[in-house]
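Single-letter residue listing:
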Amino acid sequence: MQIHENFSLKPLNTFAIAAKARFFASFSSVEELQSLLNTKYFLDGNQPIILGGGSNILFTKDVDGFVLKNDLRGISVVAEDDVFYYVKAAAGEVWHQLVEYCLQHNYAGLENLSLIPGNVGASPMQNIGAYGVEIKDVFHELEALHVKEHYLRTFTLTECAFGYRESIFKKTLKNQFIILNVTFKLRKAPVFNTSYGAIEQELNKMRVTTLSIQHIAQAVIQIRQSKLPDPKVMGNAGSFFKNPTISAASFVSLQQLWPTIPFYEVPQQLYKIPAAWLIEQCGFKGYRKGDAGCNPLQPLVLVNYGAASGAEIIALSQMIIDAVQNRFGIVLEREVNIL
Ligand code: EPU
């Protein structure tokens, strides 16, 4: 366990932004993490910056602090009952590798979440979701370490207070806990979720007759690869903005002006509008300024064509927020963590 100074974070963030950390160390056991937290720097009250897969973060400047990279590993079945396997995965495991492990063993529930960049530890943080499934649907519990007092705490589903790309770890408990591992309850007999239109279309194209979780994973992977840029090839952090939710009254007036506006009805008589549509209507799909760009296939994703700085990406995102607000009166919220 080595402590580095002025450490380059470029290979550790999927936006591939050149930024440095004043101090950097990675930990591959809870004991290593605890001894790092017992160094003078943290005992003086400084807050660590925890890095997982770096797939939902935008560095806008060098980090004048201590970045701790979570490298905890391990996946195992810790319990089972008639319906579920309880699969525990360490926070530093790569998300898609966990999905592949579950596909190989026929543990059902994660297939719709195939190919999401990032690590296991970030999945409950922002309740990752795609193609009709969110982490909260398969979550059992997680273990986390309290940053200041170093005790371990288990969080149940209810205690995580999951919402759309939200959890208690982004709200009242922000920066207070480091997620160590997550246990998922995965079905022995699959319950397929093909409600998302694109999956059904892809399965038809694949001429699937007897559906399996492996087919769903393949369909999801094909859909993602057809429109989401691979962060290994082009820097990005997935959806940059959340899909906004608006009231029924605002929706009705918008629909009068824009009869083709796409929407999903969500509980409490609210309407979710795809941010990708709003951004496309404002002419940003495929827009590029320097090396900061709006992805030509899915405009909800902002990309780094090579040498964009975090500040340039932020500036582009602000142009988009302003344009959408002027045209539709909707304020887009960034999904990515800005540092
Ligand atoms: N659309 C356009 N123009 C486009 C693309 C999309 O108008 O160029 C509109 C269409 O109406 C389309 C709708 O946007 O039906 C939805 O598009 P898509 O299915 O691609 O999903 P999304 O709402 O843009 C969300 C998640 C993604 C997730 C997909 C699939 C958020 C912020 N994003 O995107 O998550 O993969 O659904 O479930 O909720 C991520 O969080 O990083 C992420 C990629």
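Residues numbered from 1 in each chain as written. Predicted model: local features only at pLDDT ≥ 70, side-chain atom pairs only at ≥ 80, totals over all residues. Heavy atoms only, no water.

Draft legend 1. Spotlight on the overall build of the chain. A count of helical and extended segments in the chain gives ten helices and 20 strands. In terms of overall dimensions, the chain has C-alpha extents of about 60 × 50 × 35 Å along its principal axes. Burial analysis of the chain (339 residues in total) assigns 47% to the buried set. Carbon and sulfur atoms form 50% of the exposed surface of the chain, whose accessible area is close to 15900 Å². Computed over 30 positive and 30 negative side-chain charges, the inter-centroid distance for the chain is 5 Å. (Helix = DSSP H or I, 4+ residues; strand = E, 2+ residues; numbered from the N terminus. Buried < 20%, exposed > 50% of the residue type's maximum accessible area, 1.4 Å probe, protein only. Areas by Shrake-Rupley, 256 points an atom, 1.4 Å probe, with all protein chains shown as cover. Lys, Arg positive; Asp, Glu negative; His and termini not counted. Charge placed at Lys NZ, Arg CZ, Asp CG, Glu CD.)

Draft legend 2. Quick look at the domain arrangement of the chain. Split by domain assignment, the chain resolves into domain 1 (4-70), domain 2 (75-187) and domain 3 (235-338). Just the C-alpha atoms count here: the centres of domain 2 and domain 3 sit 27 Å apart. Opposite the five residues of domain 2 that make contact, domain 3 presents six residues. When residues of domain 2 are sorted by the area they lose upon contact with domain 3, Tyr164, Arg165 and Lys170 head the list and together hold 78% of the total. Our count for the contact surface shared by domain 2 and domain 3 stands at two salt bridges. Here Lys242 and Glu166 are joined by a salt bridge, their closest N and O atoms 2.8 Å apart. The interface formed by domain 2 and domain 3 includes two residue pairs in polar contact (both at pLDDT 80 or more). Residues belonging to the side of domain 2 that touches domain 3 are distributed by class as follows: one nonpolar, one polar and three charged. (Domains from an automatic or database assignment. Contact = heavy atoms within 4.5 Å. Buried area = accessible area lost by both parts, 1.4 Å probe. Salt bridge = Lys/Arg side-chain N within 4 Å of Asp/Glu carboxyl O. Polar contact = N/O pair within 3.5 Å; in protein donor to acceptor, adjacent residues only side chain to side chain. Nonpolar A, V, L, I, M, F, W, Y, C, P; charged D, E, K, R; others polar.)

Draft legend 3. Focus on the layout of surface pockets. Size it by volume and the second largest pocket reaches roughly 230 Å³. Lining the second largest pocket are 13 residues, with Gly109, Asp137, Val138, Arg187 and Val191 sitting closest to its centre. Looking at the lining of the second largest pocket residue by residue, the class counts come to six nonpolar, three polar and four charged. (1 Å grid on protein atoms, 1.4 Å probe; cavity = no way out; pocket = protein on both sides within 12 Å on 5 of 7 lines; lining within 4 Å. Points joined across faces, edges and corners; volume = space filled by probe spheres on them.)

Draft legend 4. Seen up close, the environment of Cys160. Structurally, the position occupied by Cys160 is in helix α5 (residues 157-160). Those residues in contact with Cys160 that lie beyond four places of it in its chain are Phe139, Leu142, Phe155, Ser167, Ile168 and Phe169.

Draft legend 5. Broad picture of the pairing of strand β5 (residues 63-70). With seven of its eight residues buried, β5 lies for the most part within the structure. Of the strand pairs in this sheet, strand β2 (residues 20-27) and β5 are connected by six bridges, and their pairing is parallel. When the sheet's bridge partners are listed, Ser26 is paired in β5 with Lys69. Sheet topology note: the strand β3 (residues 49-51)/β5 ladder contains three bridges and is parallel. Paired with Leu51 across the two strands is Lys69, which belongs to β5. (Pairing = 2+ DSSP bridges.)

Draft legend 6. Looking closely at the sheet that holds β5. Reading across from one edge, β1-β2-β5-β3 is the order of the four strands in this open sheet, with mixed pairing throughout. Of all the strands in the sheet, just β1 (4-8) and β3 have a single pairing partner and so form its edges. For this sheet, the mean angle separating the axes of adjacent strands, direction not counted, is 45°. Seen against the sheet, helix α1 (residues 30-37) touches β2 and β5 and runs at an angle of roughly 140° to β2. (Axes fitted to C-alpha atoms, helices over the stretch in contact; angles between N-to-C directions.)

Draft legend 7. Spotlight on the site of the ligand. Inspection of the region around the ligand gives 25 residues, with Tyr131, Tyr196, Glu280, Lys285 and Gln298 positioned closest. Taking Tyr131, its main chain carries an N or O atom lying 2.6 Å from an oxygen atom of the ligand. Side-chain polar atom of Glu280 to a nitrogen atom of the ligand: 2.6 Å apart, as the coordinates give it. Its free accessible area being 830 Å², the ligand has 81% of it covered by the protein chains. Breaking the shell around the ligand down by element, the ones donating at least two residues are β8 (129-130), α7 (213-227), β13 (235-239) and α9 (275-281). Top element by residues in the shell around the ligand is α9. It accounts for three residues. A breakdown of the residues in the shell around the ligand according to their chemical character gives 13 nonpolar, five polar and seven charged. Inspection of the shell around the ligand shows a minimum of three residues originating in each of domain 2 (75-187) and domain 3 (235-338). (Near = heavy atom within 4 Å.)

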